[in-house]
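The lines below spell out each chain.
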Amino acid sequence: MSVEQRLVSRDHPEPPYPLHPSVADRIDSQYASFYNKHIMKHQQVHLQPIEASRASGTLIPGAGPLASVAKAHDYLIPRKETTGPDIKVRAFTPHGSMPEEGWPVCVYFHGGGWVLGTIDTENVIASNLCARAKCVVVAVDYRLAPENPFPAAVDDSWESVLWVLGQGKEILQLDTTKLATGGSSAGGNLAAIMCQRAAALGGPKFSLQLLSVPVTDNTADTENSRSWKENEHTPALPAPKMMWYRNHYLPNRSDWSHPEASPLLWKGDWSKLPHAVIVVGELDVLRDEGQQFGEKLRDSGVSADVHVMKGQPHPFIAMDGVLDAGREAITHFCDALRKTMYPAPNIVPE
């Protein structure tokens, strides 16, 4: 019996949670094998207290090793435009000789539904981007809901961008004319919003946005989205779990359609947005809104490479240690970042 069936029957859902019949025959075999051995036996995030999930350690199991970088250092950064505590960021600096103009930089936001995750959550992705694309990567420890609901995460993300352009530029020796952003899930949502806000304000100019399984439409549900309906009972991010995240981050329903919660609904000039590389999972509820985001960019004359990872549910990019699709997704990002920041191969630092 599935988790949802037990909830309907008013039983308290307890592990194990076998793959739902609606996805069992469609899911990637590598993911299914790992899920059955290592994930099925654990309680699901939306069915336990937030504190239990935050204390459990690894948000998504199956990550590969960190890539080698020259330095990783944490900074507490002050605010320029908003109120709140200082924001923690982690800067990864690559090996090699710094370009004469300074290091290109990518501001990266972790996933976790704006409720879970920390600055440690996606260090594998951040270190790969740093090492393989020869860029400084600044990972942001933005505030989490429900203690700090929307727009706290957006404010913290923007303050981090401002720090990179100002004090961070000097500390990290950055070439901020070569500026990218990226993130996964909720982090992809924040990265897309940073590009839109920058475009609306006339700067800074981002060169690239790297969006993994981004949340782009917080009005989507099983009634109005094909991928939400098809993948309602998918593992890792079933529809009830996504709604659990949404309700914590966006407790006021009137905010669901706000463009800084749902960047797909942004009314600005899409032609001013940067090139995008988007990776989505075929079995993810968020699949269609990620694809639609790419379509809106292309319709506005902006290039967007959209990769649909066959048979994959939501968390594949964070599972590069056990999934070929995870390694492939990270490679898509690293290759695009390197090509954007070093268009001539002979100028890449050794």
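Cut-offs and rules
- Think of each chain on its own: its residues are numbered from 1, step by step along the sequence as written.
- Where local features are concerned, this predicted model is filtered to residues with pLDDT of at least 70; where side-chain atom pairs are given and counted, the filter is 80 or more; whole-chain, interface and lining totals use all residues.
- The basis for the side-chain values is all heavy atoms of the structure; hydrogens and waters are excluded.
- By definition, any uninterrupted DSSP run of H or I lasting at least four residues is a helix, any uninterrupted run of E lasting at least two residues is a strand, and each is numbered from the N terminus.
- Radius of gyration: C-alpha atoms only; globule rule: 2.2 Å multiplied by the number of residues to the exponent 0.38.
- Think of it in three bands: residues with accessible area under 20% of the maximum for their type are buried, residues over 50% are exposed, and the middle band is partly exposed, with areas taken using a 1.4 Å probe on protein chains only.
- Any two residues whose heavy atoms approach within 4.5 Å at even a single point are treated as in contact.
- Using a 1.4 Å probe, the Shrake-Rupley method yields the accessible areas, and only the shown protein chains count as cover for residues.
- Charge counting follows a simple rule: Lys and Arg are positive, Asp and Glu are negative, and His as well as the terminal groups are ignored.
- Between Lys or Arg on one side and Asp or Glu on the other, a salt bridge is scored when a side-chain nitrogen of the former is within 4 Å of a carboxyl oxygen of the latter.
- For a helix, the expected span equals 1.5 Å multiplied by the number of residues minus one.
- A 3.5 Å cut-off defines polar contacts: any pair of N or O atoms within that distance qualifies, except that in protein one atom must be a possible hydrogen donor and the other a possible acceptor, and neighbouring residues in sequence count only when both atoms are side-chain atoms.
- For two strands to count as paired, DSSP must find a minimum of two bridges between them.
- Note on method: axes are straight lines fitted to C-alpha atoms, helices fitted across the in-contact stretch only, with angles between N-to-C directions ranging 0 to 180 degrees.

(A) Molecular detail of the overall build of the protein chain. A count of helices and strands for the protein chain gives 12 helices and 8 strands. For 350 residues, the compact-globule formula gives about 20 Å, and the C-alpha radius of gyration of the protein chain, at 19 Å, lands near that figure. Burial status across the protein chain gives 57% buried among its 350 residues. In the protein chain, once contacts between residues fewer than 6 apart in sequence are set aside, the share between residues at least 24 apart is 77%. Total accessible area on the protein chain is roughly 14400 Å²; 51% of this is exposed by carbon and sulfur atoms.

(B) Representation of the side chain of Asp255. In this structure, Asp255 sits in the loop between helix H10 (239-249) and strand S7 (275-281). For the buried residue Asp255, which engages in no salt bridge, the nearest side chain bearing the opposite charge is Arg253, 11 Å off. If sequence neighbours within four positions are ignored, Asp255 has contacts with Phe150, Leu250 and Ala261.

(C) The arrangement of helix H8 (residues 186-201) in detail. Look at H8: 23 Å from first C-alpha to last across 16 residues, which is about the 22 Å you get at 1.5 Å a residue. When you tally the buried positions in H8, you get 14 out of 16 residues, the bulk of the element. Looking at the residues trailing H8, positive phi occurs at Gly202, about 85 degrees.

(D) Just the environment of Ser271, in detail. Of note, Ser271 is situated in the loop between H10 and S7. Take Ser271: its relative accessible area is 42%, and that puts it in the partly exposed class. Taking the C-alpha atoms as reference points, Ser271 and Thr340, 69 residues apart in sequence, are found 18 Å from one another. Every residue in contact with Ser271, bar those within four places of it in the chain, is listed here: Ser300 and Val302. At 2.5 Å, the side chain of Ser271 forms a polar contact with the side chain of Asp269.

(E) Up close: the sheet that holds strand S3 (residues 103-109). Taken in spatial order, the 8 strands line up as S1-S2-S4-S3-S5-S6-S7-S8 in an open sheet, and their pairing is mixed. Strand pairing shows two members of the sheet lacking a second neighbour, strand S1 (71-77) and strand S8 (304-309), which therefore form its edges. Strand-to-strand twist of the sheet, defined as the mean angle between neighbouring strand axes without regard to direction, takes the value 20 degrees. When S7 meets S8, the two strands line up parallel, connected through 6 bridges. Following the sheet pairing, Val277 is matched in S8 by Asp305. Sheet strands touched by helix H11 (residues 287-299): strand S6 (208-212), S7 and S8. Its angle to S7, the strand with the most contacts, is close to 160 degrees.

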